[in-house]
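Commentary on secondary and tertiary structure
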Amino acid sequence: MRYSLGAGIACLFLLWFHPFNGPTVYLVLATYLVILFFWRRKIYWLYLKHYFILTIIPIPVVLYLYLLSQADWVIQQWSAQNILPSPSIWMYVIGYGFILLLALGGLWISLKKPDNKRFFLVAWLVTSAMLLYIPLTFQRRMSEGLHIPLAILASLAIFHIVDQLNIKGNSLNIKKFGFIMFLFVFLPLSNIQILGQDIYLYQTKKTLPYYLYKEEVAAMHWLKQNIRQNEIIFSSYYMGNYIPAYSGRIVWIGHGPQTIDLPAKKIVNDWFWQSDEEADNKYTFLKSENIDYVFYGRKEREIGSYNPDNKNYLEKVFSNPEVMIYKVL
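About the criteria used
Residues numbered from 1 in each chain as written. Predicted model: local features only at pLDDT ≥ 70, side-chain atom pairs only at ≥ 80, totals over all residues. Heavy atoms only, no water. Helix = DSSP H or I, 4+ residues; strand = E, 2+ residues; numbered from the N terminus. Rg over C-alpha atoms; globule rule 2.2 N^0.38 Å. Buried < 20%, exposed > 50% of the residue type's maximum accessible area, 1.4 Å probe, protein only. Contact = heavy atoms within 4.5 Å. Areas by Shrake-Rupley, 256 points an atom, 1.4 Å probe, with all protein chains shown as cover. Lys, Arg positive; Asp, Glu negative; His and termini not counted. Charge placed at Lys NZ, Arg CZ, Asp CG, Glu CD. Pairing = 2+ DSSP bridges. Patch = residues over 30% accessible without salt bridge, like charges linked within 9 Å, V, L, I, M, F, W, Y side chains within 5 Å. Salt bridge = Lys/Arg side-chain N within 4 Å of Asp/Glu carboxyl O.

Some points on the overall build of the chain
In terms of regular secondary structure, the chain is built from 17 helices and five strands. Its C-alpha radius of gyration of 27 Å places the chain more than 25% over the 20 Å reference for a compact globule of 329 residues. Taken along its principal axes, the extent of the C-alpha atoms in the chain is 80 × 55 × 35 Å. Each of the 329 residues in the chain was classed as buried or not, and the buried ones make up 36%. Long-range contacts, defined as pairs at least 24 residues apart, comprise 66% of the intrachain contacts of the chain with a sequence gap of at least 6. When the accessible surface of the chain is summed, it comes to about 19800 Å², and 65% of that surface belongs to carbon and sulfur atoms. Computed over 30 positive and 21 negative side-chain charges, the inter-centroid distance for the chain is 21 Å.

Re the pairing of strand β5 (residues 324-328)
Most of β5 sits inside the fold, with four of its five residues counted as buried. Relative to β5, strand β3 (residues 293-296) is paired through four bridges, and the arrangement is antiparallel. Residue pairing across strands places Tyr-296 opposite Met-324, the latter belonging to β5. Here five bridges tie strand β4 (residues 314-319) to β5, and the two strands are oriented antiparallel to one another. Bridge pairing in β5 links Lys-316 to Tyr-326.

Some remarks on a nonpolar patch on the surface
Residues Ile-174, Phe-177, Ile-180, Met-181, Phe-184, Val-185, Phe-186, Leu-189 and Ile-192 make up a contiguous nonpolar surface patch of roughly 870 Å² in combined accessible area. Those elements that place two or more of their residues in the nonpolar patch are α10 (174-186) and α11 (189-205). It is α10 that provides the largest number of residues to the nonpolar patch, a total of seven residues. Mapped onto the elements, Met-181 comes out in helix α10.

Below, the structure written as structure tokens:
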């Protein structure tokens, strides 16, 4: 009972801040129970009781999140924009690589020599794989945790292969050496590809979002120390994704799903920075949106020719070699 109560409390906190994991937790366990009942040809009411305990404890959080999503227009818009579709199944195959291939071997072993623990791994893998394409907007989040059953099942396959090679004691033979080399060379391939890609992009493109200049970080720290929490900052879309993290202050445009009406705001943002014309219209825009400060750095300069220095409605309040911050008068 203490394990079920502890798991229920853990699920309460998990769903509180990351409800996307709910389908994985509860559908995996439900699938496992169904498989177990059919395999044993018996319904274990004790298991159902513990599953009920695990389910009922997080209900207050689920109810709260549901009511919040119905009552709060901002949360509704955020959810509508939080679209994370799964890529092609072949992208998952390439991404998991030989771990997936070995896991399929472990799946075959588990089905050939079943027990309760192995059936749980089968349920975890099969259910999580099906959730990757569930008709929800956050499909890609369903891959979180999928590597755990894959790795365990792959380990089963590895030990089975070792047994089949008839390796005894500490003897070192050519088969054992070849298998070890195979694991060292082929299992990390997808990781090496990702690291190599990141290094290449970092060395050749050297622009956001790979790193920030120290002057940009200093400017964002200045915002944290010198402006009020309810004041709004206007910047490029890219910098708007970083300013709240470093300053704790509000931006007009930033993180994708958390920026309401993002597509329309991107168009307006580009219009603002692209040229140094329509000064009156741009001032009207800043005032109508209650914007208090304009953040002007390298990303803003890259978008276009807008020059805040010659605008009589802006007052420079911060400056360093990379960034200038202006107050809207």
